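What the coordinates show
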Amino acid sequence: MASAPGPPLDFAHRYGPWAVVLGASHGIGAAFADELARRGLGVVMVARPDDGLAEAAAAVRAAHGTAVEPVEVDLTADDAIAAVAAVTADLDVGFLACVAGGTESVGRFLDHPVARAEALVALNCLAPVRACHHFAPRFVARGRGGICTVSSLAGMFGSDGTVVYSAAKAFDLVLAQGLWAELAPRGVDVLGLVLGNVRTPTLLASGARFDPDAFPGLEPDAVAREALDHLGAEPVRVVGEETRAIHDLLRGLPTRAGIEALSAGMRAQYGWEPPGP
Ligand SMILES: NC(=O)c1ccc[n+]([C@@H]2O[C@H](COP(=O)([O-])OP(=O)(O)OC[C@H]3O[C@@H](n4cnc5c(N)ncnc54)[C@H](OP(=O)(O)O)[C@@H]3O)[C@@H](O)[C@H]2O)c1
């Protein structure tokens, strides 16, 4: 097994020597890769073939001097996790972050081909399931390791305009909760993250509006730090104070009011209106 260089930190011992980050070329996944490397782990950084991945990998390597393996894979492909498994076969992986996800944009469920919904499910749901099923047995065998999935306030209720995205984010959270129940007694720390607005290139390019006073959003590196600081402490972490405040408000709502609140929030954020009946 190849081992990654780095200081003998407790964190690195528990979750290293290697981590795999799905969706690591920019935004939250890149921040995870950077923070994991800062904590002494080698990082396998997965994203679609693009110059951005090589640049992100070079930046992590230069900043921390740790081993970094960029892996170019489209995670919506059926054989994507098999490809990641092949590349990591000789690496002692102790941590998995399933970050890649997101929605292409708001839009009504019936106004798009079903292939768009299927791609969202493949990226947000199938890839994490397959990756967890592949890597978790190694963590169980070692009696230590960690997994993060990434959910969203958008997964707390269904919403018009983001029907499948919201459903997929609910899936990611419940997946983490179930894995936590099964794996915590076997030494594996599973954490489902609930995020509000995070100022990633994807979100900033999506046309989402921010109210800098009410809900400015978090920076990706703050998300990665808070997530990794809370591994092992609890099954779910709602990240950031403002996200926790909104989460608490939404959690108190009856289902119908929650759906209406999320739908209104999504329309306001994207300046989107359902185009008639
Ligand atoms: N940003 C927010 O405000 C926010 C809020 C709540 C939850 N989240 C969740 O946080 C996660 C990360 O979101 P993000 O805003 O950082 O951006 P993102 O668009 O999900 O991109 C994150 C990473 O995923 C990679 N990726 C996207 N599609 C891929 C595919 N088909 N195959 C392989 N890699 C792929 C991207 O790289 P390439 O494009 O180079 O492949 C990028 O490295 C998602 O799960 C999202 O649902 C984000």
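Residues numbered from 1 in each chain as written. Predicted model: local features only at pLDDT ≥ 70, side-chain atom pairs only at ≥ 80, totals over all residues. Heavy atoms only, no water.

**Regarding the overall build of the chain**
Note the following rule: The secondary structure listing takes helices from DSSP runs of H or I that are at least 4 residues long and strands from runs of E that are at least 2 residues long, numbered from the N terminus. Here the globule rule is a power law, 2.2 Å times the number of residues to the power 0.38, and the radius of gyration is based on C-alpha atoms. Each residue's exposure class comes from its accessible area (1.4 Å probe, protein chains only) as a fraction of the maximum for that residue type: buried when under 20%, exposed when over 50%, partly exposed otherwise. Residue-level accessible areas treat just the shown protein chains as cover; the underlying method is Shrake-Rupley with a 1.4 Å probe. Counting rule applied: Lys, Arg positive; Asp, Glu negative; His and chain ends not counted. For the purpose of locating charges, the reference atoms are NZ of Lys, CZ of Arg, CG of Asp and CD of Glu.
Within the chain, the regular secondary structure consists of ten helices and seven strands. On C-alpha atoms alone, the chain measures out to a radius of gyration of 18 Å, which is about the 19 Å that the 2.2 N^0.38 rule sets for 277 residues. Taken along its principal axes, the extent of the C-alpha atoms in the chain is 60 × 35 × 35 Å. Among the 277 residues that make up the chain, the fraction classed as buried is 50%. In the form shown here, the chain has an accessible surface area of approximately 12400 Å², with 57% of it arising from carbon and sulfur atoms. Between the centroid of the 21 positive side chains of the chain and the centroid of its 32 negative side chains there is a distance of 4 Å.

**Regarding the packing of helix 2 (residues 27-38) against helix 3 (residues 51-64)**
Think of two packed helices as two axes; the pair is described by the angle between the axes and how far apart they sit. For clarity, the cut-off: Under this scheme, a helix contributes an axis fitted over its contacting stretch, all axes are lines through C-alpha atoms, and angles between N-to-C directions fall in the 0 to 180 degree range. Here is the rule for angles: anything less than 35 degrees is roughly parallel, anything more than 145 is roughly antiparallel, 65 through 115 is roughly perpendicular, and the remaining ranges are oblique. Left-handed is the label given to a crossing in which the near helix is rotated counterclockwise from the far helix by less than a right angle, and right-handed is the label when the rotation is clockwise. The contact criterion used throughout is that any non-hydrogen atoms of two residues lie within 4.5 Å.
Orientation of helix 2 relative to helix 3, taken along the N-to-C sense of each, is 25 degrees, at an axis distance of 10 Å. One finds that helix 2 runs roughly parallel with respect to helix 3. Pair helix 2 / helix 3 crosses with right-handed handedness. For the pair formed by helix 2 and helix 3, the contact residues are Ala33, Asp34, Ala37 and Arg38 on the first element and Val60, Ala63 and His64 on the second.

**Thoughts on helix 3**
Structural remark: α-helix, 3.6 residues per turn; residues separated by three or four positions point the same way. To keep it simple, the criterion reads: In a helix, the anticipated span is given by 1.5 Å times the number of residues less one. As used here, the arc belongs to the directions running from the helix axis to the C-beta atoms. As used in this structure description, the phrase polar contact means that two N or O atoms lie within 3.5 Å; if the pair is within protein, one of them must be able to donate a hydrogen and the other to accept it, and residues adjacent in sequence are counted only when both atoms belong to side chains.
Over its 14 residues, helix 3 runs 21 Å from end to end, which matches the ideal 20 Å to within 8%, given 1.5 Å per residue. Along helix 3, the residues classified as buried are Leu53, Ala56, Ala57 and Val60. The arc enclosing the buried residues of helix 3, seen along the axis, measures out at 100 degrees, which places them on a common side. Turned more than 90 degrees away from the buried face of helix 3 sit Asp51, Glu55 and Ala62, all of them exposed. Buried positions along helix 3 lie against helix 2, strand 2 (42-47) and strand 3 (68-72). Put simply, Asp50 is the residue that caps the front of helix 3, since its side-chain oxygen is 2.8 Å from the backbone nitrogen of Gly52. Two residues or fewer after helix 3 comes Gly65, characterised by a positive phi angle close to 70 degrees.

**Here we look at the packing of aromatic side chains**
Using the following cut-off: Pairing of aromatic rings covers Phe, Tyr and Trp, the last counted by its six-membered ring, and requires centre-to-centre distances within 6.5 Å; plane angles under 30 degrees mean stacked, over 60 mean edge-to-face, and any other angle means tilted. Throughout this description, the term charge over a ring refers to an Arg CZ or Lys NZ atom that lies within 6 Å of the ring centre and within 35 degrees of the ring normal.
Under the criterion given, the structure shown has two aromatic pairs. Judged by centre distance (4.8 Å) and plane angle (55 degrees), the rings of Phe11 and Tyr15 are tilted. Highlighted residues: Phe11 and Tyr15, both in helix 1 (residues 10-15), separated by four residues, approximately one helical turn. Taken individually, Phe11 and Tyr15 each receive the classification buried, so the pair is uniform in this respect. A ring pair is formed by Tyr15 and Phe95, whose centres lie 6.0 Å apart and whose planes are at 75 degrees; its orientation type is edge-to-face. On the criterion of sequence distance, the pair formed by Tyr15 in helix 1 and Phe95 in strand 4 (residues 93-98) is long-range, its members being 80 residues apart. Phe95 matches Tyr15 in its accessibility class, with the two residues each being buried. The rings of Phe11, Tyr15 and Phe95 are connected pair by pair, giving a single aromatic cluster. In this arrangement the basic side chain of Arg39 is found over the ring face of Phe11, its NZ or CZ atom lying 5.1 Å from the centre.

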